[in-house]
Amino acid sequence: MSAERHTAGVLQQIAGQRDVVEIAPQGSAPKAAALAHVAEQYGYTYGRAYRTGFKNSLIQVRMYRDPRPDARVREAATIAAHPRAGNGGTVPGLKQGSLKPLPEAAGAVAVLKDLVTFDVMALYVADRRQKLLVHLACAVLTVLLFIDTRSPVEAVTSGGAVALLCTVAFKVGTVRRRMIARRLTDAGFLAVRDEQGDQRFLRPGQQLPDHTNRFTV
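A brief structural summary. Per chain, residue numbering runs from 1 following the sequence as it is written. Where totals are concerned, whole chains, interfaces and linings use all residues; where local detail is concerned, this predicted model gives features only for residues with pLDDT of at least 70, and gives and counts side-chain atom pairs only at 80 or more. Based on all heavy atoms of the structure, the side-chain values leave hydrogens and waters out of the count.

Here's the deal with the overall build of the chain
Going along the chain from the N terminus, every DSSP run of H or I of four or more residues is numbered as a helix, and every run of E of two or more is numbered as a strand. The number of helices and strands found in the chain is six helices and five strands. Seen in sequence order, the chain has helices and strands lined up from the N terminus as α-β-α-β-β-α-α-α-α-β-β. Whether a residue is buried, partly exposed or exposed follows from its accessible area with a 1.4 Å probe, protein chains only, as a fraction of its type maximum: under 20%, in between, or over 50%, in that order. Counting only residues that meet the buried cut, the chain has 36% of its 217 residues in that class. Working rule for contacts: check all heavy atoms of both residues, and any pair within 4.5 Å makes them a contact. Looking at the chain alone, contacts between residues at least 24 apart form 59% of all its contacts between residues at least 6 apart. The method behind every accessible area is Shrake-Rupley, applied with a 1.4 Å probe, and residues are considered shielded solely by the protein chains displayed. As displayed, the chain offers around 12,200 Å² of accessible surface, 59% of which is attributable to carbon and sulfur atoms.

So, the nonpolar core
In a soluble, globular protein the nonpolar side chains are often hidden away together inside. In this structure, Ile 14, Ile 23, Tyr 46, Val 61, Met 63 and Val 116 are the most contacted members of the largest nonpolar core, which totals 37 residues. Breaking this core down by element, the ones donating at least two residues are helix H1 (3-15), strand S1 (20-23), helix H2 (29-41), strand S2 (44-52), strand S3 (58-65), helix H4 (106-120) and helix H6 (152-186). With eight residues, the top contributor of residues to this core is H2. The residues contacting Val 61, other than those within four sequence positions of it, are Val 21, Glu 22, Ile 23, Ala 32, Tyr 46, Arg 48, Ala 49 and Val 116. To define a nonpolar core, start from buried Ala, Val, Leu, Ile, Met, Phe, Trp, Tyr and Cys residues and group those joined through side-chain atoms within 4.5 Å.

Section: H2
What a helix is expected to span follows from its residue count: subtract one and scale by 1.5 Å. With 13 residues, H2 ought to run about 18 Å at 1.5 Å a step, and its terminal C-alpha atoms sit 19 Å apart, in line with that. Most of H2 is tucked away, with 11 of its 13 residues classed as buried. Considered for burial, the residues of H2 that qualify are Ala 29, Ala 32, Ala 33, Ala 34, Leu 35, Ala 36, His 37, Val 38, Ala 39, Glu 40 and Gln 41. Those residues of H2 hidden inside the fold are in contact with H1, S1, S2, S3, helix H3 (69-81) and H4. Identification of polar contacts relies on pairs of N or O atoms within 3.5 Å, with a donor-acceptor requirement for protein atoms, meaning one able to donate a hydrogen and the other able to accept it, and with residues adjacent in sequence counted only if both atoms are side-chain atoms. Regarding H2, its N-cap is Ser 28, as a side-chain oxygen of that residue lies 3.2 Å from the backbone nitrogen of Lys 31 further along.

Structural notes on the environment of Val 116
Among the secondary structure elements, Val 116 is positioned in helix H4. On a C-alpha basis, the gap between Val 116 and Ala 36 in space is 9.5 Å, while along the polypeptide they are 80 residues apart. Contact partners of Val 116, with chain neighbours within four places excluded, come to Ala 29, Tyr 46, Ala 49, Ile 59 and Val 61.

Things to note about the sheet that holds S1
Strand pairing requires that DSSP identify at least two bridges connecting the strands. Ordered in space as S1-S3-S2, the three strands form an open sheet in which the pairing is antiparallel. In the strand order of this sheet, the two ends are held by S1 and S2, each with one partner. When the angles between neighbouring strand axes are averaged without regard to direction, this sheet yields 20°. Across four bridges, S1 lies against S3 in antiparallel orientation. Within S3, the position partnered with Glu 22 by the bridge is Arg 62. Running over the sheet, H2 touches S1, S2 and S3 and is turned about 15° from S3. Axes here refer to lines fitted to C-alpha atoms; in helices the fit is confined to the stretch in contact. Angles between the N-to-C directions go from 0 to 180 degrees.

Listed below in structure tokens is the structure:
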């Protein structure tokens, strides 16, 4: 899908004054962050990102309508400055006809990219129970390979290699997510836990969405 169609789809949702805007630019965190930045200029705020679709190949970003007065001021200013956005006109923060941020928006988009990446990486950061299940599966694989090949060396080597790869993947994911968390903290975001116990990052004064799916302050 072209940049124009992605942008037009988001702007159509915004034009409908929806409380929740869904952004799904295939599997690209930079594209998702760029579109999230556009939504923010129209008075929305980042909610969360997660993977969905076939083999989790799609990144879905959920934006919520910001109830704060300054969000309405920002929305009005954006509408006035970009009256033809989505119809061939300029789009706030993006280069014409693309999802690449303008220099003045690059920093804000980079922060949103960190928020998106942090959320979607939760899928690949295992807790103790998940690690136990993975290693149990590797042990079962080793037994099955031994039954199939009758070679204990080959079975142990293959099962051990799979276990090592999984361990390395978990470690890399944990380290990378920790680095992103540090950048978000340095940018002024606050770490909180949601109802599922997952770590999230919010701007100062912002709370998680309540049962009506709206952010509060």
